[in-house]
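Summary of the model geometry
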Amino acid sequence: NADIAMYRAKNKGKDNYQFYASEMNIHTIERLAFEARLRKALERREFVVYYQPKISLTTGKIVGAEALVRWSHPEQGILYPNDFIMLAEEAGLIGRMGMLVLDIVCKDILSFRQIDGQFGRIAINLSGSQFNDHQLLEEIRSVIDFWRVPPSAIEFEITESMVMHNREQAMVLMDGFKDAGFSLSIDDFGTGYSSLSYLKRFPVDSVKIDRSFIKDIPADPNDTAIVQAIIVMAHTLGLKVIAEGVDAADQLVSLTNFSCDEYQGFYFSKAVPVKEFLHLLQTQMTNAKSVLAH
Ligand code: C2E
Ligand code: MG
Ligand code: MG
Ligand code: MG
């Protein structure tokens, strides 16, 4: 991971070394090299999508999944979004990466539906510059039409800051997604600058409570109160609530008591390659059938 590690190290020291012209040049050169490598990776389709199951808290079943991009680097192995998403965005490559992710997801949805014809939503993350691109919706439509995937099978995750950055425009964009038949959810809810009063006006279907609030429940009384309040208020507004980063049984008990709808997290499964996700779905279908047979 030499060039990645170098990029990270340089990024950390950003504030200090900008005074040293020579180091800044090294940084610039590395950055350009990294961008060129990223561009090549897009051409070679080195990106893959992992799926993290979303579990219903009422049935305990997989009801959907979040699509999470990984860079399958030929020398460095699987790289995670923290290592390249920001740079892709800065290099103006996030749009192309997003379309590649959507293309893979559409193809995979067809195989999920071969196992379970009613299989629910796949959630795709959007970043700010994608969301603000006026051609986005049209591009999305041409990809899903190509695969004949209905918009109802896809949900887009956007963050509060993406919406709050330019509320009027965001509202128009969100309406466009809803009118086209996609679902929308607010990702990392609670970490941005919006509030439940704004939430009321956003045309979204669900909120995902950020992992940082889930981490210490039920031990931390403040976080526990916040999580409960978000769930109650979101439900009052008619929104579905998903908890992210659930990795312990006692978190699950609290969330069940608070009537949270769905959860995601290492407790059930991390994000897995498509083959493994298909296997999880297959197992669930087989179990459902054997229950019916008895
Ligand atoms: P996110 O949308 O908030 O995704 C959830 C992240 O939390 C994922 O990290 C997931 O693996 C991780 N996670 C899930 N459950 C647990 C848990 O129980 N414990 C812990 N510690 N972590 C958990 P990942 O895959 O590294 O993704 C990081 C971020 O990268 C995502 O955050 C999302 O903002 C962004 N991202 C991922 N895929 C895409 C993509 O295709 N397009 C765009 N624009 N952004 C993406
Ligand atoms: Mg997300
Ligand atoms: Mg999230
Ligand atoms: Mg998060």
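Below is a summary of the structure that appears in this document. From a predicted model like this one, the values you see are computed outputs, not experimental measurements. (Residues numbered from 1 in each chain as written. Chains lettered and ligands numbered in written order. Predicted model: local features only at pLDDT ≥ 70, side-chain atom pairs only at ≥ 80, totals over all residues. Heavy atoms only, no water.)

Structural notes on the coordination of the magnesium ion (ligand 2)
Protein-derived ligands of the magnesium ion (ligand 2) are Glu66 (OE), Asn125 (OD1), Glu157 (OE) and Asp187 (OD), with the metal-ligand distances lying across 2.0 to 2.2 Å. Within one chain, the residues serving as donors to the magnesium ion (ligand 2) are arranged as E-x58-N-x31-E-x29-D. Taken as an interatomic distance, the gap from the magnesium ion (ligand 2) to the magnesium ion (ligand 3) is 3.5 Å; Asp187 donates to each of them. Residue Asn125 is located in strand 4 (residues 122–125), and its partner Asp187 is located in strand 6 (residues 183–189); the two are separated by 62 residues in the primary sequence. (Donors = N, O, S within 2.8 Å, 3.2 Å for Na, K, Ca; no water. Helix = DSSP H or I, 4+ residues; strand = E, 2+ residues; numbered from the N terminus.)

Some details on the side chain of Asp108
Checked against the element boundaries, Asp108 lands in helix 5 (residues 94–115). Buried within the structure, Asp108 lacks any salt-bridge partner; Lys107 is the closest side chain of opposite charge, at an N-O distance of 4.7 Å. Excluding residues that lie within four positions of it along the chain, Asp108 makes contacts with Tyr51 and Val274. (Buried < 20%, exposed > 50% of the residue type's maximum accessible area, 1.4 Å probe, protein only. Lys, Arg positive; Asp, Glu negative; His and termini not counted. Salt bridge = Lys/Arg side-chain N within 4 Å of Asp/Glu carboxyl O. Contact = heavy atoms within 4.5 Å.)

Observations regarding the coordination of the magnesium ion (ligand 4)
In this structure, Asp188 (OD) and Glu244 (OE) serve as the protein donors to the magnesium ion (ligand 4), at separations of 2.2 to 2.4 Å. Distance-wise, the magnesium ion (ligand 3) is placed 3.1 Å from the magnesium ion (ligand 4), both being coordinated by Asp188. Of this pair, Asp188 sits in strand 6 while Glu244 sits in the loop between strand 8 (240–243) and helix 13 (249–257), and the two are 56 residues apart along the sequence. Residue class for Asp188 comes out partly exposed when judged on its relative accessible area of 25%. On the accessibility criterion, Glu244 (12% relative accessible area) is buried.

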